[in-house]
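# Remarks on the overall topology
Given next are the chains, with one letter for each unit.
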Amino acid sequence: MTTLMDKPTTSTKDDGPARSLVDVVFRAREISIAGALALLVLGTWIANPRFLDDQGVKDLLLNASILVLLAVGQSVVVVTRNIDLSVGSVVGLSAFACGKFVAGTDHGVLTVMLLGIALGVACGLVSGALVSFGRVPALVVTLGMLYIIQGLDYWWAQGEQISANDVPDTVLGLGSGSVLGIPYLPLIALALLAATAYYLRGYRSGRELYAIGSNPEAARLAGVPIRRRILGAYAFSGAVAGFAGALWLARFGTVVADNAHGWELTVVSAVVVGGVAITGGTGTVWGAALGALLLTTIGSALVVLKVDSFWQGAITGALLLAAITVDRIVSLRMTAALRKRSARHGNGA
């Protein structure tokens with residue numbers, strides 16, 4: 001991993017075993033999450049066959065779409081060894097602002113999406129600037145931004161509610177429409193997921209985000225523009241959250257000031273459960289998306305099985321603790337394995 005820090009754009013023979021070991025470990029994590037998801041779906045379907053009828057599958061995909069989007073944006077921040085707790089409040093602000101903007105008008109979908117993204121980018125840049133250039137701890141900055149944005153949203157809304165009757169049909173159509181029977185929202189989430197995964201793996205600036213999370217000092221010595229990269233990660237997370245807020249309006253039509261309230265920890269849980277290490281440097285957005293889908297499916301399964309919704313929070317917390325524990329164990333074992341390999345190579349040399 002150290003070789004990767006020093007030369008982000010190159011690969012060496014010594015780097016190969018380390019990278020292959022990391023890839024194998026986290027591919028196994030994603031496979032295990034997918035297996036748990038499959039078992040959960042199968043068990044729920046056996047208990048209630050209607051869980052996987054056409055409408056049930058469509059609802060599950062729609063419910064997971066926005067959480068998947070937020071998990072993708074959060075992952076880009078977390079791999080840099082930071083966190084963004086303001087995403088839920090940004091979704092609420094964006095959804096209400098977009099609803100206020102289009103209420104009683106004929107504005108198109110593109111205008112609404114751009115407005116949501118612009119609001120999100122502005123929020124992300126504020127957080128990113130304080131973290132990267134101000135060097136204020138990310139937890140403090142984003143927690144403060146959470147309350148500031150919520151306060152602004154409540155002050156602006158003054159208890160007002162935007163009704164679906166006031167939203168143009170073109171906007172609502174994005175949330176309810178489909179192509180070949182597949183709703184638009186899951187397709188949008190999949191497209192962003194694939195594009196982000198390709199960027200992180202295929203571009204130097206994407207790989208540098210992992211380098212920063214793995215070893216910030218080594219990344220700095222290698223010439224990685226750490227401040228710019230972290231600022232960009234927060235801007236991206238904010239843009240995704242703002243975009244998700246616009247999609248929230250399209251999905252539900254009716255919005256209030258506290259939409260997505262409390263989603264911050266759910267998003268972080270999805271990312272960590274999906275194998276993105278909270279300490280940064282490892283994990284993939286595919287795993288984060290699987291984590292989001294798993295948490296959404298648990299919620300839907302509990303409803304279908306008529307289990308108290310309290311247990312959803314308890315199960316999410318248990319999964320979060322288990323994921324962090326597994327990350328720690330895997331990290332220790334991987335470090336020990338890499339040391340043994342280095343020792344063997346050193347003795348061989």
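Above this text sits the structure in question.
Cut-offs and rules
- Residues numbered from 1 in each chain as written.
- Predicted model: local features only at pLDDT ≥ 70, side-chain atom pairs only at ≥ 80, totals over all residues.
- Heavy atoms only, no water.
- Helix = DSSP H or I, 4+ residues; strand = E, 2+ residues; numbered from the N terminus.
- Contact = heavy atoms within 4.5 Å.
- Areas by Shrake-Rupley, 256 points an atom, 1.4 Å probe, with all protein chains shown as cover.
- 1 Å grid on protein atoms, 1.4 Å probe; cavity = no way out; pocket = protein on both sides within 12 Å on 5 of 7 lines; lining within 4 Å.
- Points joined across faces, edges and corners; volume = space filled by probe spheres on them.
- Core = buried A, V, L, I, M, F, W, Y, C linked by side-chain atoms within 4.5 Å.
- Buried < 20%, exposed > 50% of the residue type's maximum accessible area, 1.4 Å probe, protein only.
- Expected span 1.5 Å × (residues − 1).
- Bend = angle between axes of the 7 residues up to and from the residue.
- Patch = residues over 30% accessible without salt bridge, like charges linked within 9 Å, V, L, I, M, F, W, Y side chains within 5 Å.
- Salt bridge = Lys/Arg side-chain N within 4 Å of Asp/Glu carboxyl O.

## A word on the overall build of the protein chain
What the protein chain contains, in helices and strands, is 14 helices and two strands. Contacts spanning at least 24 positions in sequence make up 78% of the contacts within the protein chain whose residues lie at least 6 apart. Here the protein chain has roughly 16500 Å² of accessible surface; of this, 65% comes from carbon and sulfur atoms.

## A few points about empty space enclosed by the protein
If a probe the size of a water molecule is rolled over the atoms, the empty space left behind becomes visible. Using the criterion set out here, one finds one cavity of 30 Å³ or more in the structure. Every residue lining the largest cavity is listed: Gly88, Ser89, Gly92, Gln150, Asp153, Tyr154, Ala257, Asp258, Asn259, Ala260, His261 and Glu264. Sorting the residues of the lining of the largest cavity by element identifies helix H4 (87-102) and helix H6 (138-157) as the ones contributing at least two each.

## Considering the environment of Val271
Its place among the elements puts Val271 in helix H12 (residues 263-273). Separated by 18 residues in the primary sequence, Val271 and Ala289 have C-alpha atoms spaced 7.5 Å apart. Ignoring anything within four residues of it in the chain, the contact list for Val271 reads Ala71, Gln74, Ser75, Val78, Val276 and Ala288.

## Let's talk about the nonpolar core
Among the nonpolar cores identified, the biggest contains 81 residues, and Val68, Leu70, Val91, Val112, Met113, Trp248 and Leu249 are the most heavily contacted of them. Discounting residues that sit within four places of it in the chain, Val112 has contacts with Cys98, Val102, Val171, Ala246 and Leu249.

## Description of helix H3 (residues 54-78)
Over its 25 residues, H3 extends 35 Å from the first C-alpha to the last, a length consistent with the 36 Å expected when each residue adds 1.5 Å. The principal kink in H3, of about 35 degrees, is found at Ser65. With 18 of 25 residues buried, H3 lies mostly within the body of the structure.

## Brief notes about a nonpolar patch on the surface
A surface patch of nonpolar side chains, amounting to about 510 Å² of accessible area, comprises Leu42, Trp45, Ile46, Leu52, Val57 and Leu61. Breaking the nonpolar patch down by element, the ones donating at least two residues are helix H2 (15-47) and H3. When residues in the nonpolar patch are grouped by element, the largest group, three residues, is from H2. Looking at the element boundaries, Val57 is found in helix H3.

Coordinates in, geometry out; function isn't part of it.
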